[in-house]
Amino acid sequence: MPPLELVRRISQPFSAEDAEQIRLAYSATGHDGVRRLEAGLAAVGRDWTDFSRLLDFGSGPGRILRWLEPLAGSLEQHGLDVDPALVAWASEHVTHATFTAGPHEPPTPYPDGHFNLVINHSVFTHLDERRQDLWLAELRRLTAPGGIVLLTVHGAARFNAAIAEMARAGEDVAPYRRTLERDGILFVEDDTYIGSSHPDWYHTAFHAPWYVFEHWHRFFGVRAYLPEGSQGHDLVVLERRGDGEPVPEPIGHAGGAAAEAPAPRVAGGPLAQARRLHENWPAPRGALGHVKRRVLAAALEREDRRAGALLDAVADLAARTAAQERRLGVLPASLYEQAQRIGLLRSDTEAALRRVEERLAALERRDDAQP
Ligand SMILES: C[S@@+](CC[C@H](N)C(=O)[O-])C[C@H]1O[C@@H](n2cnc3c(N)ncnc32)[C@H](O)[C@@H]1O
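Here we summarise the structure given alongside this text. The model shown is predicted, which means the values in this text are computed figures rather than measured ones. Residue positions are given per chain, counting from 1 as you read along its sequence in written order. For this predicted model, a pLDDT threshold of at least 70 governs which residues receive local features, and a threshold of 80 or more governs which side-chain atom pairs are given and counted, while totals over whole chains, interfaces and linings are taken from all residues. Note: side-chain values were computed over all heavy atoms of the structure, leaving out hydrogens and water.

Some remarks on the pattern of salt bridges
When a carboxyl oxygen of Asp or Glu lies within 4 Å of a side-chain nitrogen of Lys or Arg, that pair is called a salt bridge. Scanning the entire structure with this criterion turns up 15 salt bridges. With a closest N to O distance of 3.6 Å, R23 and E20 form a salt bridge. With R23 and E20 both in helix α2 (residues 19–43), this residue pair falls three residues apart, about one helical turn. A salt bridge links R182 to D183; the shortest N-O distance between them is 2.7 Å. What makes D183 partly exposed here is its relative accessible area of 29%. Several salt bridges converge on common partners, so that one network encompasses E105, R130 and R131. Where helices and strands are cited, they refer to DSSP runs of H or I of at least four residues and of E of at least two residues respectively, numbered from the N terminus. Each residue is placed in one exposure class: buried if its accessible area under a 1.4 Å probe, protein chains only, is under 20% of its type's maximum, exposed if it is over 50%, and partly exposed if it falls in between.

A look at the sheet that holds strand β2 (residues 76–81)
Each pair of strands is called paired provided DSSP finds at least two bridges between the two strands. Strand order in the open sheet made by the seven strands is β3-β2-β1-β4-β5-β9-β8, with mixed pairing throughout. Where the open sheet ends on each side, the last strands, each with one partner, are β3 (98–101) and β8 (221–230). Sheet twist, expressed as the average angle between the axes of neighbouring strands with direction ignored, equals 20 degrees. We call two residues in contact when some of their heavy atoms are within 4.5 Å. Here, axes are lines fitted to C-alpha atoms. For helices the fit covers the stretch in contact, and angles between N-to-C directions go from 0 to 180 degrees. The strands that helix α3 (residues 84–93) touches are β2 and β3; relative to β3, the one it contacts most, it runs at about 165 degrees.

Re the pairing of strand β9 (residues 233–239)
The element β9 is extensively covered by neighbouring structure, given that seven of its seven residues are classed as buried. As paired elements, strand β5 (residues 143–153) and β9 share six bridges and run antiparallel to each other. Looking at the pairing, V149 lines up with L238 of β9.

Considering the site of the ligand
For this description, a residue counts as near a given molecule or strand if any of its non-hydrogen atoms is within 4 Å of it. Around the ligand, a shell composed of 17 residues is seen, among which G58, R63, D81, H121 and S122 lie nearest. Definition of a polar contact: a pair of N or O atoms within 3.5 Å, with one able to donate and the other able to accept a hydrogen when the atoms are protein atoms, and with sequence-neighbouring residues admitted only if both atoms are side-chain atoms. Contact distances for the ligand include 2.6 Å between an oxygen atom and a side-chain N or O atom of R63. Between the ligand and H121, the relevant distance is 3.0 Å, taken from a nitrogen atom to a main-chain nitrogen or oxygen of the residue. Within the complex, 97% of the 590 Å² of free accessible area of the ligand lies under protein. When the residues that make up the shell around the ligand are grouped by side-chain class, the tally is eight nonpolar, six polar and three charged. Every accessible area reported is derived by Shrake-Rupley at a probe size of 1.4 Å, with residue values counting cover from the shown protein chains alone. Just so you know the grouping, Ala, Val, Leu, Ile, Met, Phe, Trp, Tyr, Cys and Pro go in nonpolar, Asp, Glu, Lys and Arg go in charged, and all remaining residues, Gly too, go in polar.

Shown next as structure tokens:
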């Protein structure tokens, strides 16, 4: 456990009375952080044994890396942080890993493609967009093709909690909400990090999922987006594509866990089958599950015998694609986000057009009025 003045450098401000609580949380959340990263890897069918060299980007005092010591025999571990005091403490106490004090902006000293796994908790939650892009490009350079990069962002959960607190304090939160909805990214400089031990560029960033899909896609394949996947932060699972490789299909876990169960096979005529399938199917979780339920419900409602053939086809499809369904999970989520985004852009554009038309009409009226 690092001394409390070092823990302060990686957490929100806390008072002396909370010290014991903070001590306990430091251990518990570090351990839990590892489980969360494992869940992120599992969402794309990977685990620690797939990797040989890991970088913890923004490793702090090694709060997470300390729990990975049992893997040190097969997984070379590195930590990078801009804070030399944290790097010094980690180097002395978390000895199975190598810690490096890094620059405020890239490049880092590591060669191209040096790592096949990058883990992270809470750095992109503190950088403005320009710095985020610089670091996304650098992490891409450091990661070997096929490697995985796990990054956390403040998503909806953290944003809602933050603005609820601000509203309670009497602040007008509407502008924050508008910026996040419009831009997909919000950087708040007027925050509690002013006057802290952090560099002056270290503040608070929030992300909308659609922004992550749309923008980060330029650097990596976005393979999964797990809301609140890492201690209240959203966890983003990225894959380093090969240079010039086509963009891979996104793979996510979003609600797909139940898709393992194959479609139950039942005998009887189409309607009897429909009824039995409807009763026996596990609760729908993935997108395909919902489609199946809808088809079944519609068939039962209309007593449509022709639906039998369709049901057979759907059941067959479901059985053959149970594994695929997990992969499809993230697709509806990202499409939904994109649809929201397109809706916003459209209403913005329409409003702008209306303003132009009004202005033109006013100019025409003035023109007509000229003698
Ligand atoms: C909220 S703390 C999280 C620390 C650690 N990941 C953990 O979960 O305990 C953010 C850490 O990122 C470091 N950091 C911020 N920007 C960085 C950058 N550009 N490069 C490396 N480290 C950075 C900070 O110094 C700090 O230690």
